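Summary of structural features
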Number of protein chains: 2
Amino acid sequence: MKKGKKMNKAKTEKFVYFFGAGKSDGNGKMKDLLGGKGANLAEMTNIGVPVPPGFTIITKVCNYFSAQGKVPTELNGQMRTALIKLEKIAEKKFGDVANPLLVSVRSGAKFSMPGMMDTILNLGLNDKTVEGLAELTNNARFAYDAYRRFIQMFGNVVLGIEKEVFEEILTHKKEILKIKLDIEMNETALKELVREFEETIKEKTKKTFPQDVYRQLEMARDAVFKSWNNPRAVTYRRLNKIADDLGTAVNVQAMVFGNMGNDCATGVGFTRNPATGEKVFYGEYLLNAQGEDVVAGIRTPRQIADLKKEMPKVFEQLKKITNRLEKDYKDVQDFEFTVEKNKLYMLQTRNGKRTAQAAVKIAVDMVKEKLIKKEEALTRLEPEQIDQLLHPIFDPKIKINAIVKGLPASPGAAVGKVVFTADEAAAVGDKEKVILVRTETCPDDIHGMDAAQGILTSRGGMTSHAAVVARGMGKCCVVGCEEVKVNEKKKELKIKDKTIKEGDWISLNGSTGEVILGKVATIEPKLSGEFGEFMKWADQIRKLKVRANADIPHDAQVARGFGAEGIGLCRTEHMFFAEDRLPMMQEMILADNENARRKALNKLLNLQKKDFKGLFKEMKGYPVTIRLLDPPLHEFLPKREELMKEAAVMKATGVDKKELEKKEKLLIRVEELHEVNPMLGHRGCRLGIVYPEITEMQVKAIVSAACELAKEKEKIIPEIMVPLVGHVNELKNQKELIKKVAQETMKSYGVKIKYMVGTMIEVPRAAVTANEIAQEAEFFSFGTNDLTQMGFGFSRDDAGKFIKIYIKDKILEEDPFQVLDQNGIGQLVKIGVEKGRKTKKDLKVGICGEHGGEPSSVIFCHNVGLNYVSCSPYRVPIARLAAAQAVIFGKKK
Amino acid sequence: MKKGKKMNKAKTEKFVYFFGAGKSDGNGKMKDLLGGKGANLAEMTNIGVPVPPGFTIITKVCNYFSAQGKVPTELNGQMRTALIKLEKIAEKKFGDVANPLLVSVRSGAKFSMPGMMDTILNLGLNDKTVEGLAELTNNARFAYDAYRRFIQMFGNVVLGIEKEVFEEILTHKKEILKIKLDIEMNETALKELVREFEETIKEKTKKTFPQDVYRQLEMARDAVFKSWNNPRAVTYRRLNKIADDLGTAVNVQAMVFGNMGNDCATGVGFTRNPATGEKVFYGEYLLNAQGEDVVAGIRTPRQIADLKKEMPKVFEQLKKITNRLEKDYKDVQDFEFTVEKNKLYMLQTRNGKRTAQAAVKIAVDMVKEKLIKKEEALTRLEPEQIDQLLHPIFDPKIKINAIVKGLPASPGAAVGKVVFTADEAAAVGDKEKVILVRTETCPDDIHGMDAAQGILTSRGGMTSHAAVVARGMGKCCVVGCEEVKVNEKKKELKIKDKTIKEGDWISLNGSTGEVILGKVATIEPKLSGEFGEFMKWADQIRKLKVRANADIPHDAQVARGFGAEGIGLCRTEHMFFAEDRLPMMQEMILADNENARRKALNKLLNLQKKDFKGLFKEMKGYPVTIRLLDPPLHEFLPKREELMKEAAVMKATGVDKKELEKKEKLLIRVEELHEVNPMLGHRGCRLGIVYPEITEMQVKAIVSAACELAKEKEKIIPEIMVPLVGHVNELKNQKELIKKVAQETMKSYGVKIKYMVGTMIEVPRAAVTANEIAQEAEFFSFGTNDLTQMGFGFSRDDAGKFIKIYIKDKILEEDPFQVLDQNGIGQLVKIGVEKGRKTKKDLKVGICGEHGGEPSSVIFCHNVGLNYVSCSPYRVPIARLAAAQAVIFGKKK
């Protein structure tokens with residue numbers, strides 16, 4: 001609203017930026033104002049790249065439009081002025097019957113949102129100009145094909161008529177004509193189609209199709225602005241963390257035609273392979289086609305190498321231009337071009353999206369080519385993308401029998417049950433692994449793609465919608481697999497003679513394009529080669545240590561493989577849930593007195609000691625932080641509700657009295673331990689304070705394990721961590737006990753080991769009294785999961801329902817359990833660090849909540865001066881890169 | 001430990017302070033060092049009051065003793081020096097056979113702890129000096145009686161032999177002699193008793209009774225120090241919030257004897273009536289008795305007025321001295337005296353404990369007498385004591401038939417079931433109302449007295465243990481009711497011909513001493529007269545406003561009566577739990593869709609409007625803060641566990657299918673709403689955000705009520721409060737809705753009213769982001785209950801168990817739900833206030849947690865600059881006084 005009002009005052013504000021004939025009002029740096037596409041068009045024009053002339057309506061207008069529901073009044077005037085300039089350069093006139101200027105109208109936000117917003121081509125055609133175009137090009141078929149496409153797009157995008165309505169008419173027409181492809185339609189058919197489309201529009205909208213080309217342009221422009229807020233664009237922004245108030249620009253550009261005959265072509269490409277990162281000129285094109293045909297994946301396009309043979313001059317020019325662009329932008333370029341009667345036009349260039357694997361290779365290569373510095377290279381990969389490199393690949397030892405091979409659009413391995421619609425994928429995708437199989441995907445499918453393990457399409461090329469979006473998501477994707485026949489209605493697909501039904505398992509190899517029936521075993525990836533080098537650079541620059549949360553030796557091993565520098569959190573309770581131990585735990589809990597409790601604990605002692613020895617061995621020389629028992633005891637007992645029901649039924653049906661008595665006795669203890677809010681109940685250090693014998697047993701196990709290894713000359717640094725401390729006296733109580741038991745244990749082994757006693761900071765009160773707690777603590781570890789629960793008052797088990805609504809309604813930007821709420825919970829962390837260090841200047845402080853592996857949270861941790869983050873093993877490399885980026889971004893400030 | 005070590009270094013430290021012959025080493029201000037009794041003895045000596053000479057061992061030695069288990073080595077030497085001085089003044093010699101000096105050894109902490117620690121009298125007697133004393137006094141009976149008392153006390157206090165052992169021997173002796181009273185025993189009997197006591201000691205301790213008088217003194221001194229940490233002293237300190245590290249002094253004083261004949265007496269008294277505050281000389285004495293006889297309540301003593309007749313000179317001297325002391329100390333004096341052969345000795349003076357009623361009267365009177373200033377007067381009542389003045393009294397309209405009348409020891413009315421032991425009272429006292437009936441109480445009974453509604457004893461006077469302690473507790477108490485015959489073993493008591501069994505109801509009137517069989521109806525007290533005047537002074541001085549938490553008109557009315565200046569918290573949900581409304585609420589919750597929900601809500605609308613109108617009318621002109629619905633919806637539905645059991649049983653027993661289906665359907669919805677941690681679940685503003693129609697209905701009801709009253713020309717200022725806000729966007733969301741509905745409602749009534757929209761600050765995140773929240777909030781109200789729950793991570797429903805252990809183990813000093821944890825949760829409040837006021841300088845900030853009525857928390861609220869506190873109606877006067885004291889204490893700093 002504010003923006004809109006401001007604009008009203010600034011009467012002379014420039015809303016329209018022109019580009020053409022080697023000169024632009026803007027330049028490549030003005031992405032905020034012109035959007036990515038507009039800025040690049042301006043830049044290309046400025047550096048002499050052949051670009052069809054046009055103008056960009058700035059992003060601010062989009063915000064004005066969103067707020068006011070209309071554009072600023074001065075805009076139309078500015079557009080007219082720009083159109084006159086455009087007509088001069090194009091030597092055509094907008095709306096002129098004899099020599100009509102046609103334009104495209106495209107969105108273009110600061111950050112690329114492929115396919116999310118609307119585009120209209122061939123605008124400027126009407127019942128009269130179409131005749132002029134036919135005469136001018138001497139190609140009536142072309143002119144009417146252009147017109148029917150325009151009406152179709154305009155009808156859908158601007159007038160809101162469903163695509164299917166036009167598609168049905170088209171299909172019906174082809175059936176009558178007994179033809180299969182659009183291209184087989186002749187002039188007469190296309191003319192009829194135009195008439196039928198126009199009639200349909202009149203019927204549906206109660207208005208005739210607009211013949212005034214200026215009206216067409218205004219309507220199209222507004223439709224693009226409106227599309228900024230369509231649901232799929234909103235979803236895309238949410239998934240990609242793009243701010244809603246950036247707005248989109250609108251680019252109006254003279255049309256060039258790749259579909260005026262075989263001396264015409266249209267294509268897209270990358271300066272390097274966006275899937276693997278290889279330095280090869282890479283792309284696809286179609287002769288005699290409009291750009292959308294390539295991207296939409298309806299016809300499978302040809303490799304760009306073929307263009308060298310078919311249009312050698314154009315190919316050389318294209319290579320030269322794109323090389324220049326890559327050097328200028330210092331990054332891989334993703335470009336679109338059209339050849340109109342052998343003349344090359346660049347329609348777009350932008351930094352290319354790429355897979356994580358490609359991003360790493362390109363970044364490393366560019367450093368070696370001296371195009372960029374190491375620090376710059378480290379920012380070329382979103383830490384989150386590393387996840388894609390860590391996911392399983394097919395076990396190379398297994399012989400794979402691919403039934404068919406498509407295009408390897410996005411690497412990785414995916415195994416799942418076949419589903420045929422995005423809705424179905426979204427509905428079941430969080431419960432089971434699914435592969436979304438479609439003829440082709442469209443922007444409406446994005447939620448299903450997000451939910452699926454992988455995507456398989458029968459149509460489309462490496463730059464089709466499915467391919468581009470899947471790469472962006474880091475999802476395994478195989479496209480253009482033409483032998484796959486999808487029958488969505490019957491919910492089955494046929495590959496050769498095999499029929500695969502919904503729910504059947506298939507496996508995809510996104511790196512090779514192979515499709516395999518059934519489930520293929522996968523293995524963990526290795527972090528070597530370019531990725532290893534890349535991560536080494538990250539390690540050299542980062543200041544934060546990265547540890548892993550690991551409870552068992554296997555996890556510790558994985559974590560070490562991923563570069564963890566210690567264990568930041570070992571949750572000892574996970575050791576008690578094991579089948580062979582639960583009975584002992586229950587015996588302990590059900591004990592009537594301390595002696596009986598001690599007896600049961602004694603049974604657990606040796607098992608715990610073995611656990612710790614295993615962990616310590618994996619983490620030789622690195623610190624291992626062990627948290628004392630944390631969950632409430634009732635978690636180890638049978639469910640209260642079940643017992644209640646069983647007892648009630650036994651009573652009502654009058655069975656075995658002894659059984660009932662036993663059940664009721666158990667129920668009494670379960671009831672005693674039952675809590676209304678277990679999250680805020682008798683857990684954490686409160687257990688160790690009320691039942692010191694539990695702490696004693698655990699400390700004895702930890703210190704014994706360390707002592708035994710010390711005798712084997714292995715250096716172990718156990719860090720004993722007291723959970724859920726809210727008051728310094730709690731820590732004091734437990735620390736005294738820990739020291740006493742540790743002393744006794746070391747004495748009994750005749751060994752002295754180094755160990756530390758510290759605490760979780762996970763209760764808000766602990767954060768605000770951290771100065772007091774630091775008097776007793778040798779280290780702090782922020783438990784941001786619980787700190788978020790208590791700081792927000794959100795029970796993780798219950799809040800899911802309303803957090804979803806909160807995010808939808810923009811009350812929260814992110815789920816605070818996934819991304820640390822820096823503004824609120826982060827402040828508690830900051831207060832805790834500052835107060836803690838006020839008491840102990842060199843206090844070691846870390847974080848072991850799940851935020852420790854989330855990039856923006858890691859950067860926050862660096863900024864508030866933590867010593868380390870600890871996260872799940874698979875997120876260790878992500879945290880390593882994020883920690884490096886934190887240093888780099890810090891320098892840039 | 002530290003203190004002990006320090007003392008070892010300070011070789012010359014003075015541990016012993018002498019007083020006697022008109023001169024003291026110390027004075028009345030040295031209570032920290034000398035304890036209350038010691039300082040007062042020094043002071044009295046200095047101003048010429050006749051005090052038996054002696055010396056005080058300082059409190060620091062007690063701490064040393066607690067830490068090291070022994071006294072500093074230099075102490076014995078200092079004591080010898082003091083003893084020599086003492087011998088000189090007393091003209092007797094310690095341990096001398098011919099002319100023995102006897103001393104008392106008494107505890108004396110900074111704050112009086114009546115009867116909690118140990119005392120030994122007649123020390124210095126042994127098998128030889130007793131003979132000397134007999135000769136000297138020419139009274140062998142007296143000497144042996146003194147000796148047997150000494151052995152008895154020493155045996156119990158120093159040697160740890162149970163009192164009952166000696167009592168049994170004594171009783172047995174009297175039975176043989178066929179006498180009833182101790183006083184009837186002759187010299188021979190007493191001599192035998194001494195021998196039997198000595199034999200018993202040898203048998204029990206394997207050592208002979210110590211004959212070395214210096215050894216006696218050292219042992220007695222150590223026993224007093226040890227008694228600082230006996231369980232009843234520890235309990236007393238906890239109840240009275242006395243620090244554990246103050247320590248007790250030990251006072252060694254030459255004995256004077258009130259039991260050397262009928263020219264001797266001993267007594268205690270007050271300069272004003274400690275029960276009513278009346279300015280009358282008040283006290284009791286016994287002729288020919290030792291001090292303990294008066295306090296122990298074994299013989300019922302005589303009124304002090306009688307002393308005027310029996311010892312007119314002594315009486316005049318006593319009155320003069322005590323008047324002087326009252327003027328000097330500017331407070332009521334509680335004194336002890338002994339008359340030895342017509343010579344008056346003051347043994348002790350201290351500020352007297354008094355009932356709340358007396359405290360008010362005395363404070364007001366003293367201001368009128370110009371003895372103290374108003375501000376001083378306001379500090380003479382602990383705010384918590386006001387509670388005693390607000391408690392019910394017997395309905396004066398009811399004719400009371402007292403069965404018997406005792407001494408009115410502590411005023412008020414008490415109704416309860418009879419119990420006979422302190423343990424029983426403590427065991428059931430929190431579940432039902434009990435009256436503790438004892439022959440006499442002793443310090444071991446303190447936990448039972450605390451748990452009982454009132455205390456009735458058959459023995460003892462107005463200064464007996466029961467009377468003093470009950471007054472301190474503000475408990476109704478009737479003592480010395482000799483017609484009450486208690487049979488503890490049979491668990492019954494007889495009054496005249498009536499037998500009353502354990503569990504029977506009785507009623508006590510502590511203001512008249514009446515005992516009534518059965519339950520007598522009680523009524524609310526009135527705040528007028530001196531109390532009214534006192535509270536007016538408090539109101540004049542305080543800066544904090546005091547509001548009440550009230551949900552229904554009746555509570556609001558009570559609150560106004562107690563001086564509430566508005567409602568700080570109206571919990572609207574309490575209106576929904578009413579029997580007639582719960583079904584509508586359930587209908588709303590069980591509705592499948594918004595429409596059905598709205599329909600159910602509509603039914604509630606008019607009822608809510610009526611509620612609010614009632615509240616508004618009671619609070620004419622004052623602000624009324626209404627909190628929108630707060631608890632999770634499942635609280636309004638049947639209990640999940642019950643439904644589960646019922647359904648399981650129905651299924652197992654195969655009854656009516658339709659019923660089962662109905663039950664199962666309900667269970668499904670209950671399960672949907674079930675939460676693992678409801679405290680952190682879908683409640684507070686989260687309800688209003690997900691179900692805006694609930695907020696709409698409530699706002700409509702509030703604003704409609706205000707509009708309708710506005711039409712009746714009543715000024716109403718509703719403050720609509722959004723609960724559980726953690727993020728500014730939550731408040732923003734609800735505020736927009738509230739404003740919209742309020743606007744519409746006012747429009748429909750054609751009335752404009754003033755209203756405010758504010759928020760609870762009860763989520764820790766809200767406190768740390770209060771600057772953001774203040775952008776939307778027109779007021780803050782700290783919900784310190786929830787803030788404590790989330791800040792500590794303590795579920796109020798569950799934490800009781802371990803908080804008890806925490807307090808016992810000194811991990812926490814107080815239950816943070818009763819007394820605001822200033823150090824932790826208080827910091828969140830402080831941060832919230834500061835940040836909120838940074839955004840809005842004049843932001844109105846209050847507190848509506850239960851801490852709003854707890855005196856130390858009220859003082860904290862004043863200090864952090866809140867505008868008001870809100871508490872339950874009965875605590876409003878307490879908060880008013882605490883708020884005044886906050887100002888007074890603030891000035892003193």
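Quick look at the structure, then. (Residues numbered from 1 in each chain as written. Chains lettered and ligands numbered in written order. Predicted model: local features only at pLDDT ≥ 70, side-chain atom pairs only at ≥ 80, totals over all residues. Heavy atoms only, no water.)

**Here's the deal with the relation of the copies chain B and chain A**
Mapping one chain copy onto the other needs a rotation about an axis and a shift along that axis. Its rotation angle being 180°, the transformation that places chain B on chain A also includes 0.0 Å of axial translation and leaves an RMSD of 0.2 Å. In short, the pair behaves as if placed about a two-fold rotation axis. Looking at the interface residues of chain B, 100% of them are also at the interface in chain A, so both copies use one shared face. (Least-squares fit on C-alpha atoms with pLDDT ≥ 70 in both. Contact = heavy atoms within 4.5 Å.)

**Regarding the pattern of salt bridges**
Residue and element names in this part refer to chain A. For the structure on display, the rule yields 128 salt bridges over all chains. The partner of Lys173 in a salt bridge is Glu192, and the shortest N-O contact between them spans 2.7 Å. In this pair, Lys173 is assigned in helix α7 (residues 163-177) and Glu192 in helix α8 (residues 187-205), connecting sequence segments 19 residues apart. Lys173 sits in the buried class, given a relative accessible area of 6%. Two residues, Glu646 and Lys663, come together in a salt bridge whose shortest N-O distance is 2.7 Å. Remark: Lys663 occurs in helix α26 (residues 657-673) and Glu646 occurs in helix α25 (residues 640-653); sequence separation between them is 17 residues. The structure contains a network of salt bridges with shared partners spanning Glu573, Arg627, Asp630, Arg683 and Asp786. (Salt bridge = Lys/Arg side-chain N within 4 Å of Asp/Glu carboxyl O. Helix = DSSP H or I, 4+ residues; strand = E, 2+ residues; numbered from the N terminus. Buried < 20%, exposed > 50% of the residue type's maximum accessible area, 1.4 Å probe, protein only.)

**Details of empty space enclosed by the protein**
Residue and element names in this part refer to chain A. Tallied over the entire structure, the rule returns 6 cavities of 30 Å³ or more. By volume, the largest cavity amounts to about 60 Å³. Leu628, Leu629, Gly684, Cys685, Leu687, Gly688, Ile694, Thr695, Gln698, Val722, Pro723 and Gln734 together form the lining of the largest cavity. The set of elements that each furnish at least two residues to the lining of the largest cavity consists of α27 (685-690) and α28 (692-711). Grouping the constituent residues of the lining of the largest cavity by class yields 7 nonpolar, 5 polar and no charged. (1 Å grid on protein atoms, 1.4 Å probe; cavity = no way out; pocket = protein on both sides within 12 Å on 5 of 7 lines; lining within 4 Å. Points joined across faces, edges and corners; volume = space filled by probe spheres on them. Nonpolar A, V, L, I, M, F, W, Y, C, P; charged D, E, K, R; others polar.)

**Some remarks on the sheet that holds strand β13 (residues 404-405) of chain A**
All names here are of chain A. One open sheet holds the 8 strands; their spatial order is β13-β23-β22-β15-β16-β17-β18-β14, and the pairing between them is mixed. One side of each edge strand has no neighbouring strand; the edge strands of this open sheet are β13 and β14 (407-410). As defined by bridge partners, strand β15 (residues 413-419) adjoins strand β22 (residues 505-509) across 5 bridges and the pair is classed as antiparallel. Following the sheet pairing, Lys417 is matched in β22 by Trp505. (Pairing = 2+ DSSP bridges.)

**Considering the interface of chain B and chain A**
The interface of chain B with chain A comprises 55 residues on the first partner and 56 residues on the second. Both sides together, the interface formed by chain B and chain A hides about 4800 Å², and carbon and sulfur atoms give 60% of it. Looking at the side of chain B facing chain A, the largest losses of area belong to Leu680, Arg765 and Ile811 of chain B, adding up to 13% of the total buried there. Between Arg765 of chain B and Asp821 of chain A there is a salt bridge, and its shortest N-O distance comes to 2.5 Å. Those elements that provide at least two residues to the side of chain B that touches chain A are α25 (640-653), α27 (685-690), α29 (728-749), α30 (764-768), α32 (784-792), α33 (800-808) and α34 (825-839) of chain B. With 8 residues, the top contributor of residues to the side of chain B that touches chain A is α25 of chain B. Within the side of chain B that touches chain A, the residues separate by chemical class into 24 nonpolar, 16 polar and 15 charged. (Buried area = accessible area lost by both parts, 1.4 Å probe.)

**Some points on the sheet that holds strand β34 (residues 868-871) of chain B**
Residues and elements named next belong to chain B. The strand order around the closed barrel formed by 8 strands is β27-β28-β29-β30-β31-β32-β33-β34, and the pairing between neighbours is parallel. Looking at each pair of strands side by side, their axes are set apart by 25° on average, direction ignored. As judged from the 4 bridges shared by strand β32 (residues 779-782) and strand β33 (residues 844-847), these two strands associate in the parallel manner. By the bridge assignment, Ser781 is partnered in β33 with Gly846. Across the sheet, helix α28 (residues 692-711) is in contact with β29 (623-627) and β30 (717-722); its angle to β30 comes to roughly 170°. α29 contacts β30 and β31 (756-761) of the sheet and is inclined by roughly 150° relative to β31. (Axes fitted to C-alpha atoms, helices over the stretch in contact; angles between N-to-C directions.)

**Section: the packing of aromatic side chains**
All names here are of chain A. One pass over the full model with this rule turns up 42 aromatic pairs over all chains. Summarising the aromatic geometry, the rings of Phe150 and Phe154 are spaced 5.6 Å apart at their centres and angled 65° between planes, so their arrangement reads as edge-to-face. Here Phe154 and Phe150 lie together in helix α6 (residues 140-157), a separation of 4 residues that amounts to about one turn. Just as Phe150 is buried, Phe154 falls in that class too. Taking the centre distance of 6.4 Å and the plane angle of 70° together, the rings of Phe576 and Phe636 count as edge-to-face. (Phe/Tyr/Trp six-rings, centres within 6.5 Å; stacked < 30°, edge-to-face > 60°.)

Geometric values such as these leave the question of function open.
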